[in-house]
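Residue-level structural notes
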Amino acid sequence: MLAKLLERAGELNVGNAPPSWTPYVNTIATEDQPWFPGDEFIERRIRAFIRWNAAAMVINANKAADGIGGHLSTFASSASLYEVGFNWFFRGKDDGRPGDHVYFQGHAAPGVYARAYLERRLTDQHLNGFRMEIGGGGLSSYPHPRLMPDFWEFPTVSMGLGPINSIYHARFNRYMESRRIDETSESRVFCFVGDGECDEPETLGAISLAGRSGLGNLIWIVNCNLQRLDGPVRGNGQIIQELEGVFRGAGWNVLKVIWGSEWDELIHKDVDGILLNKFNTTVDGEYQRLAVEGGDYVREHFFGPDPRLRAMVEHLSDEELDALPRGGHDYQKIYAAYRNATEENEAPTVILAKTIKGWTLGEGFEARNATHQIKKMTKDELLALRERLHLVDEIPESALEGDRAPYYRPDEDSPEHEYMVQRRRALGGSIPKRRIRNRRPLTLPDPSVFTGLAKGSEGRAVSTTMAMTGLLRDLMRDEAFGPRVVPIVPDEARTFGMDSLFREFGIYAPFGQLYEPVDHELLLSYTESTDGQIIEEGITECGSMSSFIAAGTSYANLGVPMVPFFTFYSMFGFQRVGDSIWSAADSRARGFMLGATAGRTTLAGEGLQHQDGHSLLLAATVPACQAFDPAFAYELAAVIDDGLQRMYGHEDPHFNEDVFYYITLYNETYEMPPRPDHVTDADVVRGLYQWADAPDRPVTATLVFSGSAQGAAREAADELAERWGVGVDLWSATSYKRLREDALAVERRNRLHPTDPAEVPLVTRLLAEGEGPVVAVTDFQKLLPGQVARWIPRPFHTLGTDGFGRSDTREALRRFFEVDTGHVVVAVLHALAREGTIDASLVAEAIAHHGLDVDIADPGRHDTVPATGHGVGREHSPE
Ligand SMILES: Cc1ncc(C[n+]2csc(CCOP(=O)(O)OP(=O)(O)O)c2C)c(N)n1
Ligand SMILES: [Mg+2]
């Protein structure tokens, strides 16, 4: 009746907002709790073994190598949350189905290893190798698929990224189903999140997507131990209530698991709501204190001030008051929440479970502010833990004398082992387990899709962005391969000319298109559909990266290789979501990242926050990333073809490489030349090749261009030949990163094999052939070509676009950043003059010829301000 009343009041606008939060009690009433089908006693024993081993491995690691770290308290607080999932809900993949995908809280890794040890997936040696990976056989500190590719699936320890990835992962599973590529309806994504972690914008930033898309296949378990690293998450508030409001507002099914079963009786007696009021008005800082203090404090400070409350607990001893548990340690309450969550199919669920940080570890740990970082236990503390976990028979006191705390696991024919193994068998096998299955193999596109670009644009002026969009369309049209393409774009499709794909391929929308679009009569109308192929994320680069990771790891998660093509404003990639890209690399994601509108001067008019002159440098820092800077359409085609072969081309999927490609695309249009006859695709992808010979002139030099700098380089070469008598051979550097990696590998090999004949890096070999100085020009910072400077066997000079971008025409920008034709000409002449090949007066002549003899500011200096006329310029203001 009350609900109806509220509903009607809402309709009449009687100022009654729907409640964003409910009272501070469990969402599922005790009467509604389902029957727990398991054996409580055996499960408690199993949990005790896992708790013990998790603590022992951290302690041992710190004894063996002081300062090596590890975390005891995070898992101690969440062990029951995990174990109910392991025993009853998380589905493995051994039965050939996609299975569930579980994102573990990174700092809870010791607990996951401890369970794997009990299941006999890991040995004593493994546990002893916790955090000691060098030399092999160790266990990585946190979940890293890059380091333990058969075990961990999802890197989570950079906080916030696991949660957002899990949302897009669940959405991607739905996409796969809607597009009829894979049957994922039974597959769920679980994500464990810290309550402190919820302050990361990435954690909560995309939860409305999950609500809006009705992701009933997504379940989050927020471990609300009320603490983060330094202290309370919300000392002066209630994190559980705050999160409830946020998640409810975003359309989630919210399940609070706050109080353990021992509270049921008290809550039942609370007919006047006094206890409820106390629950609602006690702040987390005080709840933390209550967890630290004994029963007498609880009686005085929680129940005591109100005589009615005090009377309510008169029949309980101090010990009993002290032992009143929190819901997150009560497997019956947790089981009820999981059951409810897994029966929900229309909305995502968040379980907000209240726990105590460091639970069971003893007084020095439980709810202490410093608990997150304590990684050692004294013998007395270990004895107390042994007692607390009822392991006195299993672990003799003498075993605690040695250097290492002993591990314990029951025999393989023990009831505990059998129970645990049987439960996992019933659920499809052990997890986590990262497996490359080829449930639905991928067929690469017909090679003919690349031949068009190899021919050049035949008189038409096009950009590499346009060439890419055309290639993407052709790839999507390929009958066998096409459906495996996942185009991802964060609200810039029109900028890149990709709106031409909307109608033909559709934009994925879980509920279809419920309206007729304004442009319905157009050929290229905005078309949303349930089986749409394009993932139009809206303005979220981080969300788009999460989709990229979900699609790019589908070959492992689902055993169904998919090929993401994520096209974005290059400035808003590595710079903006660099950590997410790092996590893609850790995840072993494969696919193509296309940094469109690249270059500091190619994107006219935009300015300082748009013009990208450094993403390729940032890309150089990511080991798995293959970074390319193509100048021409045929280079682009060669690079994409190469990427597909390396990432997906091998019949045995284990031989495919876990790399992804970052390719810069420019919006400047020019005629795309055909691939010269002497150039092969292999030349293009190795990083550097000679594009054109030098005309016959008395003096020679080499010009190396990349990307859109090709224009200035080519014009300069013509002018140098015609006006200054210099024959320049032109080279295209498609990947300085690849050249550098080759050179470093060769250098290392030579260093460690001193008596073998020395090898020569590719870039040295290639450029050893010509004569005269080498000048490189790029629309990126000078450091980009500078990466290979010391391996270039001739004098080497670089022109690039250091400094902040600004808005102006392409021409003005190139003059300002000193990368236009005139500056390239001057740089080559200057390099020749320094060698003594020509006279310096010729350089001065060229400077005057191009009008470069004005004293302008150095764009590479951060305080450089050209004359503005606003009176705000410093060095060159009119005053
Ligand atoms: C992005 C990021 N910033 C900081 C850290 C360092 N860090 C590791 S654990 C932790 C506290 C975690 O608190 P919470 O999320 O509440 O998890 P709990 O351990 O309490 O379960 C911090 C700050 C990190 N791992 N990632
Ligand atoms: Mg916490």
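Residues numbered from 1 in each chain as written. Chains lettered and ligands numbered in written order. Predicted model: local features only at pLDDT ≥ 70, side-chain atom pairs only at ≥ 80, totals over all residues. Heavy atoms only, no water.

1. Description of the pattern of salt bridges
As a working rule, side chains carrying opposite charge can pair if their charged atoms are close by. This is how it is decided: Each salt bridge in this description consists of a side-chain nitrogen of Lys or Arg and a carboxyl oxygen of Asp or Glu lying within 4 Å of one another. Runs of H or I in DSSP of at least four residues are treated as helices and runs of E of at least two as strands, each being numbered from the N terminus. Exposed residues in this analysis have more than 50% of their type's maximum accessible area, buried residues have under 20%, and partly exposed residues fall in between, with area computed by a 1.4 Å probe over protein chains only.
According to the stated counting rule, one finds 44 salt bridges in the structure shown. Close ionic contact of Glu153 with Lys93 constitutes a salt bridge, the shortest N to O distance being 2.5 Å. Within this pair, whereas Glu153 is found in the loop between helix H5 (124-128) and helix H6 (161-178), its partner Lys93 is found in the loop between helix H3 (73-88) and strand S1 (101-103), the two being separated by 60 residues in sequence. A single burial state applies to Glu153 and to Lys93, both of which are buried. Notably, a salt bridge pairs Glu412 with Arg120, separated by 3.4 Å at the nearest N-O pair. Of this pair, Glu412 sits in the loop between helix H17 (379-388) and helix H18 (415-426) while Arg120 is found in the loop between helix H4 (109-118) and H5, placing the two residues 292 residues apart along the sequence. On the accessibility criterion, Arg120 (29% relative accessible area) is partly exposed. Members of the salt-bridge network, linked through shared partners, are Arg45, Glu394 and Glu416.

2. Structural notes on the sheet that holds strand S4 (residues 253-257)
Note the following rule: The pairing criterion for strands is at least two bridges between them, as found by DSSP. Orientation is described by axes fitted as lines to C-alpha atoms, over the contacting stretch for helices, and by angles from 0 to 180 degrees between their N-to-C directions. Any two residues whose heavy atoms approach within 4.5 Å are treated as being in contact.
Within the open sheet, the five strands sit side by side as S1-S2-S3-S5-S4. Their pairing is parallel. Each edge of the open sheet is held by one strand with a lone partner, namely S1 and S4. Neighbour-to-neighbour, the strand axes of this sheet turn through a mean angle of 15°, independent of strand direction. Here five bridges tie S4 to strand S5 (residues 349-354), and the two strands are oriented parallel to one another. Across the sheet, residue Lys256 finds its bridge partner in S5, namely Leu352. Docked against the sheet, H6 engages S1, strand S2 (189-194) and strand S3 (218-224), running at close to 165° with respect to S2. Packed onto the sheet, helix H16 (residues 331-343) meets S2, S3, S4 and S5 and runs at close to 175° relative to S4.

3. Some words on the packing of helix H33 (residues 821-835) against helix H34 (residues 840-849)
Operational definition: In what follows, roughly perpendicular refers to angles from 65 to 115 degrees, roughly parallel to angles under 35, roughly antiparallel to angles over 145, and oblique to any angle outside these ranges. For this classification, the nonpolar set comprises Ala, Val, Leu, Ile, Met, Phe, Trp, Tyr, Cys and Pro, the charged set comprises Asp, Glu, Lys and Arg, and every other residue, Gly included, is treated as polar.
Between H33 and H34, the shortest axis-to-axis distance is 8 Å and the interhelical angle comes to 170°. Regarding the angle of H33 to H34, the classification is roughly antiparallel. Between H33 and H34, the residues in contact are Val825, Val826, Leu829, His830 and Ala833 and Ala840, Leu842, Val843, Ala846 and Ile847, respectively. Its residues placed into classes, the contact of H33 with H34 shows nine nonpolar, one polar and no charged.

4. So, unusual backbone geometry
Across the junction of Ile431 and Pro432, the peptide omega takes the value -5°, indicating a cis bond. Turning to its location among the elements, Pro432 is positioned in the loop between H18 and helix H19 (448-454). Residues other than glycine seldom take positive phi values, yet His390 does so here, at roughly 55°. Of note, His390 is situated in the loop between H17 and H18. A positive phi angle, near 50°, is found at Asp491, a position not held by glycine. With respect to the element layout, Asp491 can be found in the loop between strand S7 (485-489) and helix H21 (502-505).

5. Overview of the site of ligand 1
Stated formally: Think of it this way: one heavy atom of a residue within 4 Å of a molecule or strand is enough to make that residue near it. Any pair of N or O atoms that falls within 3.5 Å is considered a polar contact. Within protein, one atom must be able to donate a hydrogen and the other to accept it, and sequence-neighbouring residues count only if both atoms are side-chain atoms. Note that accessible areas follow from Shrake-Rupley with a 1.4 Å probe, and for residues the cover is restricted to the protein chains shown.
Of all residues adjacent to ligand 1, which total 18 residues, the nearest are Thr74, Gln105, Asp195, Gly196 and Lys357. A distance of 3.2 Å separates a nitrogen atom of ligand 1 from a polar backbone atom of Met159. In isolation ligand 1 exposes 590 Å². Once the protein is present, 76% of that is buried. Taken together, the residues of the shell around ligand 1 sort by class into three nonpolar, ten polar and five charged.

6. Some points on the packing of H6 against helix H22 (residues 541-552)
Inclusion rule: Helix crossings are classified by the rotation of the near helix relative to the far one: an anticlockwise turn of less than a right angle makes the crossing left-handed, while a clockwise turn makes it right-handed.
Axis separation between H6 and H22 bottoms out at 8 Å; the angle between their running directions is 55°. Considering the angle they form, H6 stands oblique to H22. In this structure, H6 meets H22 at a crossing whose hand is right-handed. Across the interface between the two elements, Ile164, Asn165, Tyr168, His169, Arg171 and Phe172 from H6 touch Cys542, Gly543, Ser546, Ser547, Ile549, Ala550 and Ala551 from H22. Across the contact of H6 with H22, the residue classes break down as seven nonpolar, five polar and one charged.

7. Side note on the coordination of the magnesium ion (ligand 2)
Defined as follows: The donor set comprises N, O and S atoms within 2.8 Å of the metal, extended to 3.2 Å for Na, K and Ca; water molecules are omitted, so apparent gaps in a site may simply reflect that omission.
Distances from the magnesium ion (ligand 2) to its protein donors, Asp195 (OD), Asn225 (OD1) and Gln227 (O), fall within 2.0 to 2.1 Å. Mapped onto the polypeptide sequence, the residues donating to the magnesium ion (ligand 2) form the spacing pattern D-x29-N-x1-Q. With Asp195 in the loop between S2 and helix H7 (201-204) and Gln227 in the loop between S3 and helix H9 (239-249), the pair connects residues that are 32 residues apart, well separated along the chain. Here Gln227 falls in the buried class, since its relative accessible area comes to 2%.

8. Observations concerning the side chain of Asp586
The cut-off we apply is this: Positive charges are assigned to Lys and Arg, negative charges to Asp and Glu, while His and the chain termini are left out of the count.
With respect to the element layout, Asp586 can be found in helix H24 (residues 574-586). Within the buried core, Asp586 has no salt-bridge partner, and the shortest N-O distance to an opposite charge, that of Arg146, equals 5.7 Å. A distance of 2.5 Å separates polar atoms of two side chains, one belonging to Asp586 and the other to His144.

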